[in-house]
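Chain and residue survey
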Amino acid sequence: MSEMHRILVMDDDESFRKILEYNLRQAGYEVVSARSGQEGLAWMDREPFGVVITDIKMPGMDGLEVLREVKRRSPDTPVIMVTAFGSIEMAVDAMKQGAADYITKPLNRHGLLLTLEKTLRLRNLREENLRLREELGERFQTDRMVGVSAAMRSLLEKVRRLTEVDATVLITGETGAGKDLIARGLHYGSRRREQPFVAVNCTAIPRELLESELFGHVKGAFTGATRDRKGRFQAADGGTLFLDEVGSMDPALQGKLLRVLQDQRVSRVGEEKAFKVDVRILAATNTDLRAAVDAGGFREDLYYRLNVVPLHVPSLRERIEDIPLLIDHFLGSLQPGSKIRVDPRVLEAFRRYEWPGNVRELRNVIERMLIFRAGDTLGPESLPPEIVGTRPAKAGEQEPLVRLPAEGVSLEHLERTVIAQALEMNGWNQVRTARFLRIPRHILLYRMEKYGIRIPEGKGRQGTPDPSSSAG
């Protein structure tokens, strides 16, 4: 019989204890009974129980002392108090101290079994909730995010550091690059992991409803407000609020958001009273908020309030070397246990494709190819038309060293990426890297300092002075 169906009864009244035992056994429970609190706690030291039922008034150690000891030894074990009808106030006080429920003397068999079933059901729900939270924590641990490229390693190192603090983070990157996954990694790797993670997509909610969605409202605040409602800030209290695509927020609402971030107090629509909240803010956008500020479409003070720590998620074009790992990851999640191969021609087509939808598009393509594949190999015949059209360079045609995205690219980011990749290719040896990039070594050192590129511990060596470093 499972632990859940094992009940520990403590009561000095022998006749009541025997009646309790009989009814519980008749209902299918395994029962261990004790004549005192000390004897019952000794049983708890030897084996686990699903529920403890204890009388409040007992000689020696009373029920409240038993309750405190049970909570100290086994915090998840619920305790049901037994009290005489005229002493219900004591049972209510016990519930304030952590008791799950109470039953009264004389015994009502139907009431006993209903109370016990409700208590066990609530314990099961709590344990299931904890299990799901642990699974989510495992799923979104930063060390499970896929990527070996320099850009991804740099990002994950920043994420790991940010899980140790409560700083507000502005996550930037293209649609489908994985901003949501990074936000969840920041939450489930932090001290707030046991508290709620609440995500709000600011583009998915009509502007006139977003204020109510974020801050809540009271009954009658507007047409259709038929009852009081908590907002997402209150729902995330103690945890993390993720504001996705925050750049689309209406300017009028930006002012109220700024006040909440400054004061950590929320007022519901139609109500002057403010509620104190403890929420970590993560925001994400696929637009250039700095440009939006310059254009007057986004408040500058809110921008600086959100941009405490900027975090850029690289596009898939910036981490092409991660594609094979991502494919393995998606194959493992979409077809667990299978041994599906990927034709090298498919990998080559993937490397040449621009991936406007980023990692999300790659996953969708893999899922589509799995459906239409022939046999155990993902071959070129199952490639989507848009990727089939990615032609190789013609004979005699020089392939471009860099494929520039249509929406533009930061030259500084491009230069930093090239330097980091060159260092990695050359084993972090600065002399060889400088020669590879055809620049003097002191210029390489200057660029490394400028972009904050550090040699990983135990990697490479500076090497001997480069003869070319004295030139230009």
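Residues numbered from 1 in each chain as written. Predicted model: local features only at pLDDT ≥ 70, side-chain atom pairs only at ≥ 80, totals over all residues. Heavy atoms only, no water.

Details of the overall build of the protein chain
Going by this rule: Strands here are runs of E lasting at least two residues and helices are runs of H or I lasting at least four, both read from the DSSP assignment and numbered beginning at the N terminus. Classification of residues uses two cut-offs on accessible area relative to the type maximum, computed with a 1.4 Å probe and protein chains only: under 20% is buried, over 50% is exposed, and between them is partly exposed. Working rule for contacts: check all heavy atoms of both residues, and any pair within 4.5 Å makes them a contact. Throughout, the Shrake-Rupley method with a 1.4 Å probe supplies accessible areas, and for residues the shown protein chains are the sole cover considered.
A tally of helices and strands in the protein chain yields 19 helices and 16 strands. A total of 472 residues make up the protein chain; the buried ones form 43% of that total. Counting only contacts in the protein chain whose residues sit at least 6 apart along the sequence, the fraction spanning at least 24 positions is 69%. Of the accessible surface of the protein chain, which amounts to about 25,300 Å², a share of 51% is contributed by carbon and sulfur atoms.

Description of the pairing of strand β5 (residues 101–105)
What counts is decided by this rule: Note on pairing: DSSP must find at least two bridges between two strands before they are called paired.
A one-sided burial pattern is seen for β5, the buried positions being D101, I103 and K105 and the unburied ones Y102 and T104. Here strand β4 (residues 79–84) pairs with β5 via five bridges, running parallel. Residue A84 lies in a different strand from β5, and its bridge partner there is K105.

Remarks on the pairing of strand β1 (residues 6–10)
Test applied: A crossover gets the label right-handed when its path from the first strand over the helix to the second runs clockwise, viewed with the strands pointing away from the viewer.
In terms of residue burial, β1 counts as a mostly covered element, since five of its five residues are buried. Burial along β1 is two-sided: the face carrying R6, L8 and M10 and the face carrying I7 and V9 are both buried. What joins β1 to strand β2 (residues 30–34) is helix α1 (residues 14–26), and the crossover it makes is right-handed. Here β1 runs beside strand β3 (residues 51–55); their pairing, made up of four bridges, is parallel. Bridge assignment links I7 to a residue of β3, and that residue is V51.

Quick notes on the packing of helix α17 (residues 411–425) against helix α19 (residues 441–451)
For the record, the criterion: To get an axis, fit a line to the C-alpha atoms, keeping to the stretch in contact for a helix; angles then go from 0 to 180 degrees between the N-to-C directions. Less than a right angle of anticlockwise turn of the near helix away from the far helix marks a crossing as left-handed, whereas a clockwise turn marks it as right-handed. In this classification, the charged set is Asp, Glu, Lys and Arg, the nonpolar set is Ala, Val, Leu, Ile, Met, Phe, Trp, Tyr, Cys and Pro, and all remaining amino acids, among them Gly, are polar.
Viewed as axis vectors pointing N to C, α17 and α19 meet at an angle of 120 degrees, and their least axial separation amounts to 11 Å. Helix-helix and strand crossings are classified by hand; for α17 and α19 the assignment is left-handed. Here E412, E415, R416, I419 and L423 of α17 lie close against α19, whose contacting residues are L444, R447, M448, K450 and Y451. For the contact of α17 with α19, the residue count by class is five nonpolar, no polar and five charged.

Describing the pattern of salt bridges
The test is simple: When a carboxyl oxygen of Asp or Glu lies within 4 Å of a side-chain nitrogen of Lys or Arg, that pair is called a salt bridge.
For the structure on display, the rule yields 33 salt bridges. The salt bridge involving E47 is made with R6; its shortest N-O contact spans 1.9 Å. Note that E47 is positioned in the loop between α2 (37–46) and β3 and R6 in strand β1, a separation of 41 residues in sequence. Overall, the relative accessible area of 23% leaves E47 in the partly exposed class. For R6, a relative accessible area of 10% corresponds to the buried category. Linking E386 and R368 is a salt bridge whose minimum nitrogen-to-oxygen distance equals 3.7 Å. With E386 in helix α16 (residues 385–388) and R368 in helix α15 (residues 358–372), the pair connects residues that are 18 residues apart, well separated along the chain. Residue E386 is classed as partly exposed on the basis of its relative accessible area of 37%. Under the relative-accessibility criterion, R368 is labelled partly exposed at 35%. A cluster of three or more residues bridged by salt bridges with shared partners is formed by D45, E69, R72 and R73.

Details of unusual backbone geometry
If a residue is not glycine, its phi is most likely negative; likewise, a peptide bond is most likely trans. Look at the link from K105 to P106: it is a cis peptide, with omega at -5 degrees. Along the polypeptide, P106 turns up in the loop between β5 and α5 (109–139). Of note, the phi angle at E245 is positive, near 50 degrees, even though the residue is not glycine. Inspection of the secondary structure assignment puts E245 in the loop between β10 (240–244) and α10 (251–263). Using a relative accessible area of 13% as the deciding quantity, one classes E245 as buried. Despite not being glycine, Q264 shows a phi value in the positive range, around 55 degrees. In this structure, Q264 sits in the loop between α10 and β11 (265–267).

Here's the deal with the nonpolar core
Cut-off, in case you're wondering: Here, nonpolar core means buried Ala, Val, Leu, Ile, Met, Phe, Trp, Tyr and Cys residues that are tied together by side-chain atoms lying within 4.5 Å of each other.
By size, the foremost hydrophobic cluster in this structure holds 30 residues, and its most contacted members are L214, F233, L241 and L243. The set of elements that each furnish at least two residues to this core consists of β7 (197–201), α8 (207–215), β10, α10, β13 (280–285), α11 (289–294) and α12 (300–306). Among the elements that take part in this core, α10 stands out by supplying five residues, more than any other. Dropping the residues within four chain positions of it, F233 is found in contact with L214, F215, L241, L257, V260, L261, V266, V277, V279 and I281.

Here's the deal with the confidence of the model for the protein chain
This is how the line gets drawn: A residue's pLDDT is simply how confident the predictor is in it, with values from 0 to 100.
This prediction gives the protein chain a mean pLDDT of 85; 88% of its residues lie at or above 70. In this model, residues 391–398 is a region of pLDDT below 50 whose contacts with residues beyond four sequence positions or in other chains number five contacts. The model gives residues 462–472 a pLDDT under 50, and that stretch makes 19 contacts with residues more than four places away or in other chains.

Notes on the packing of aromatic side chains
Threshold: When two rings of Phe, Tyr or Trp (its six-membered ring) have centres within 6.5 Å they constitute a pair, described as stacked for plane angles under 30 degrees, edge-to-face for angles over 60, and tilted for the intermediate range.
Taken as a whole and judged by the stated rule, the model has six aromatic pairs. Judged by centre distance (6.1 Å) and plane angle (40 degrees), the ring pair of Y188 and F197 falls under tilted. A relative accessible area of 13% places F197 in the buried class. Seen from their ring centres, F215 and F233 are 5.6 Å apart, and the 20 degrees between their planes marks the pair as stacked. Of this pair, F215 sits in helix α8 while F233 sits in helix α9 (residues 232–235), and the two are 18 residues apart along the sequence. On the basis of relative accessibility, which here comes to 0%, the residue F233 falls in the buried class. Following the ring pairs from residue to residue traces out a cluster consisting of Y188, F197 and F242.

Quick look at helix α14 (residues 344–352)
All of the buried residues along α14 are V346, L347, A349, F350 and R352. As for α14, its buried residues are in contact with α13 (323–334), β15 (341–342), α15, β16 (377–378) and α16.

Brief notes about the sheet that holds β2
An order of β2-β1-β3-β4-β5 is seen for the five strands of this open sheet, with the pairing classed as parallel. If you trace the sheet from one side to the other, it starts and ends with β2 and β5, each paired once. Geometrically, the sheet is characterised by an average inter-axis angle of 20 degrees between neighbouring strands, direction not taken into account. Contacting β1, β2, β3, β4 and β5, α1 runs over the sheet at an angle of about 170 degrees to β2. Set on the sheet, helix α4 (residues 88–96) makes contact with β4 and β5; between it and β5 the angle comes to about 165 degrees.

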